[in-house]
Amino acid sequence: MPELTFKDFKISAEAEAIAPDNGGFLLQGASVKLSIPAAPRALYRHGWQSWSLAAWTEPRQLPIQQPTIHHAMQTDPLYTRHPAPHSSGVMALDFGAGKILLLGALGLESHLQWRQNTLQGWYESGPDSAWFVAYGAEAQVFSDYAKLLGQKFGTGRAENSYRVWCSWYSLYTAIDEKILQRIFRELADLPFDVLQVDDGWQLAVGDWQANAKFPSGMADLAEKIRATGRKAGLWLAPLIAVPSSRLFREHPDWFLKTPEGAYVSAGFNWGEPLRALDTTQPAALDWLAGLMKQARSWGYDYVKLDFLYAGGLPGQRQSSLPREAAYRQGLSVLREALGEAYLLTCGAPILASLGLCDGMRVSTDVSGEWENFRDALLWQNPTTGGARNALRSTLHRLWLAPLLHPDPDVAYFRQAESKLSPQQNQLLQDMAHICRFKATSDLPQWLTAAEKENLRQFLEQNPQVEQTGRYTFRLDGRAVDFSPAAGLPPAPGGWIRLQALFFNLFSNQPFAMRRSFFRWQKSLAKLRKNLG
Ligand code: 9PG
């Protein structure tokens, strides 16, 4: 077997071709294998899409996260039960003493596993065959890899990111035009560049027209935002639809099916199962382009496209394009139709979105909670909403920064309507500075004078960022340590394990999903009332 020789490290490689490149080696092959002479201390695992886990973990299998009904929404469902530690696109081994070995794909449909002292990468399908291997300091190796990805896929085109106020993490779907207009007025004295309307304006997921809570229409709202001197932002999830939507009822044949003829599950949300659009059908692509043009004609210049993973799920497509290539075709049609608008992708397959978006959510959602007991321990699920889960994946995707604006999700400033401590808020704010992507959902009326001042300073300042370790930074000289967010929750033992077994029997039932959805709707109704 040919050997790859790095300064102080030799590994043997199986590949069709090997050539030195960019400080490492370029390998060719639908499957390549590296035999590793030393035992790694940790594995770098990279989850498929924005919300999936990215982290350094112990070199062993992770528990299967619950509930399984969410796998399509939170993982690559084809590999959730893979029999060895798995990674999408790139995997790395940490040997201590500051040295890592990275194997990264330079193409789509790529997967990696760690098994029996072998690091293997393979392409699920498609024409790609290139891999990059490098050994050295973590920052260097990841930056060399990012450079090659940029050459292959391109980068975002927007120079600067914006300071965004987003309606989701305070009002959730309890938005209406009156409440938003009031908030937009109250935000007048804060230096935001974009006011972004999130989920809750549409008739249904699939039917992207204003609902009864927006009687003046979405163009009117954009106009009101623009009148305040800001860009108008809008959330859409164009690659999914709920079965009750008109879109799905009128075009059931546009949605992915399994070989057995059932609809492919894109997860479960809004109290309904989710369907995935087939982005290889010309009629569906025309519809997507029209939808983006509609948002543009309403006056929105900043568009957050969400639940995009659906376009890359396994399923029967009209054309024989592999699933990530199919997704990428859909995304390029969306991008094209958006013209000059800023495109933020979310819930998006990472590698397959490169070069076609300006910003990308690189983590799961934050929430007003550091970590949730049920999710972290009973479900062993690092991809549900929560500050710790969000910080963890963002920390492990900062290397994408040369390719796009990494969106770490919103920062909190408030103590009202949140369980996060001031220290935890500070970590979210510091991460936003590091990503140079600053957003919040805090309502001005929830902020004390001091909190509002803090928010103002956050928006105005751009501290100098220096990385001092894997999880440590200096911001304008102030030391910041994200280590408390980096690790994974422990596997449950004893009583908690028993509780988990019992609990998870119910967690996967649609009735349990619907019940928690309706409870959530009730709490939102209360929130709306309190806002007056
Ligand atoms: C609107 C929200 C916000 C948010 C997005 C996305 O795995 N899940 O069940 C899951 C559901 C929703 C979700 C993320 C994950 O949130 O990230 O910013 O726009 O949709 O519905």
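A few points on the structure. Predicted, not measured: the structure shown is a model, and the values here were computed from it.

1. Some points on the overall build of the protein chain
In terms of regular secondary structure, the protein chain is built from 16 helices and 30 strands. Taking 532 residues into account, the globule formula puts the C-alpha radius of gyration at 24 Å, and the protein chain, at 23 Å, falls close to it. Counting only C-alpha atoms, the protein chain reaches 70 × 55 × 50 Å along its principal axes. Sorting the 532 residues of the protein chain into buried and exposed places 60% on the buried side. Nonlocal contacts in the protein chain, meaning residues at least 24 apart in sequence, comprise 71% of its contacts between residues at least 6 apart.

2. Regarding the packing of aromatic side chains
All told, the structure shown has 33 aromatic pairs when counted by the stated rule. Measuring from ring centre to ring centre gives 4.9 Å for W51 and F307, while their planes differ by 80 degrees; the resulting arrangement is edge-to-face. A residue pair is termed long-range when its members are at least 10 positions apart, and W51 in the loop between β6 (42-46) and β7 (54-57) and F307 in the loop between β23 (302-305) and α8 (323-338) qualify at 256 residues. Note on F307: relative accessible area 6%, which makes it buried. Positioned above the aromatic ring of W48, the side-chain terminus of R323 is 5.4 Å from the ring centre.

3. A few points about the pairing of strand β1 (residues 3-6)
Burial along β1 is one-sided: L4 and F6 are buried, while E3 and T5, pointing the other way, are not. Here four bridges tie β1 to strand β2 (residues 9-14), and the two strands are oriented antiparallel to one another. Residue pairing across strands places T5 opposite K10, the latter belonging to β2.

4. Things to note about the site of the ligand
Around the ligand, a shell composed of 16 residues is seen, among which Y169, D198, D199, K304 and D365 lie nearest. Taking K304, its side chain carries an N or O atom lying 2.8 Å from an oxygen atom of the ligand. The side chain of R361 places a nitrogen or oxygen atom 3.1 Å from an oxygen atom of the ligand. Protein burial of the ligand: of its 460 Å² of free accessible surface, 91% is covered by the chains. Among the elements of the structure, α1 (71-74) and α3 (168-171) are those that each provide at least two residues to the shell around the ligand. Split into classes, the residues belonging to the shell around the ligand amount to eight nonpolar, two polar and six charged.

5. A look at the packing of helix α11 (residues 387-395) against helix α12 (residues 422-435)
Their axes nearest at 11 Å, the elements α11 and α12 cross at an angle of 25 degrees. Taken as axis vectors, α11 and α12 run roughly parallel relative to one another. Note on packing geometry: the crossing formed by α11 with α12 is left-handed. Residues A387, L391, T394 and L395 of α11 pack against L427, L428, M431 and C435 of α12. Counted by class, the contact of α11 with α12 contains seven nonpolar, one polar and no charged residues.

6. Description of α8
Across its 16 residues, α8 extends 23 Å between first and last C-alpha, which sits within 8% of the 22 Å expected from 1.5 Å per residue. Most of α8 sits out of view: 12 of its 16 residues are buried. For α8, the complete set of buried residues consists of R323, E324, A325, A326, Y327, R328, G330, L331, L334, R335, A337 and L338. One or two residues past the end of α8 sits G339, with phi positive at roughly 60 degrees.

7. Considering the pairing of strand β13 (residues 130-137)
Among the eight residues of β13, seven are classified as buried, and the element is accordingly described as predominantly covered. Both strand β4 (residues 24-28) and β13 contribute to a ladder of four bridges, which runs antiparallel. Its bridge partner lying in β13, Q28 is registered against A130. Where strand β10 (residues 99-105) and β13 come together, seven bridges link them in antiparallel fashion. The residue bridging L101 from the neighbouring strand is Y135, located in β13.

8. Examining the side chain of D306
Along the chain, D306 falls in the loop between β23 and α8. For the buried D306, which has no salt bridge, the nearest side chain bearing the opposite charge is K304, at an N-O separation of 4.9 Å. If sequence neighbours within four positions are ignored, D306 has contacts with W51, W235, L236, A237, P238, C346 and G347.

9. A look at the sheet that holds strand β27 (residues 438-440)
In space, the eight strands of this open sheet follow the order β26-β25-β24-β23-β18-β15-β14-β27, with parallel pairing throughout. Both edges of this open sheet fall to β26 (405-407) and β27, since each of them pairs with a single strand only. Recorded for the sheet is a direction-independent mean angle of 25 degrees between the axes of neighbouring strands. Alignment of strand β14 (residues 163-166) against strand β15 (residues 194-197), held across three bridges, turns out to be parallel. Each bridged residue has a counterpart across the sheet, and for C166 the counterpart in β15 is Q196. Here α8 sits on the sheet and contacts β23 and β24 (342-345); the angle it forms with β24, its principal contact strand, is near 150 degrees.

What counts, and at which threshold
- Residues numbered from 1 in each chain as written.
- Predicted model: local features only at pLDDT ≥ 70, side-chain atom pairs only at ≥ 80, totals over all residues.
- Heavy atoms only, no water.
- Helix = DSSP H or I, 4+ residues; strand = E, 2+ residues; numbered from the N terminus.
- Rg over C-alpha atoms; globule rule 2.2 N^0.38 Å.
- Buried < 20%, exposed > 50% of the residue type's maximum accessible area, 1.4 Å probe, protein only.
- Contact = heavy atoms within 4.5 Å.
- Phe/Tyr/Trp six-rings, centres within 6.5 Å; stacked < 30°, edge-to-face > 60°.
- Lys NZ or Arg CZ within 6 Å of the ring centre and 35° of its normal.
- Pairing = 2+ DSSP bridges.
- Near = heavy atom within 4 Å.
- Polar contact = N/O pair within 3.5 Å; in protein donor to acceptor, adjacent residues only side chain to side chain.
- Areas by Shrake-Rupley, 256 points an atom, 1.4 Å probe, with all protein chains shown as cover.
- Nonpolar A, V, L, I, M, F, W, Y, C, P; charged D, E, K, R; others polar.
- Axes fitted to C-alpha atoms, helices over the stretch in contact; angles between N-to-C directions.
- Parallel < 35°, antiparallel > 145°, perpendicular 65-115°, else oblique.
- Left-handed = near helix turned anticlockwise from the far one by under 90°.
- Expected span 1.5 Å × (residues − 1).
- Lys, Arg positive; Asp, Glu negative; His and termini not counted.
- Salt bridge = Lys/Arg side-chain N within 4 Å of Asp/Glu carboxyl O.

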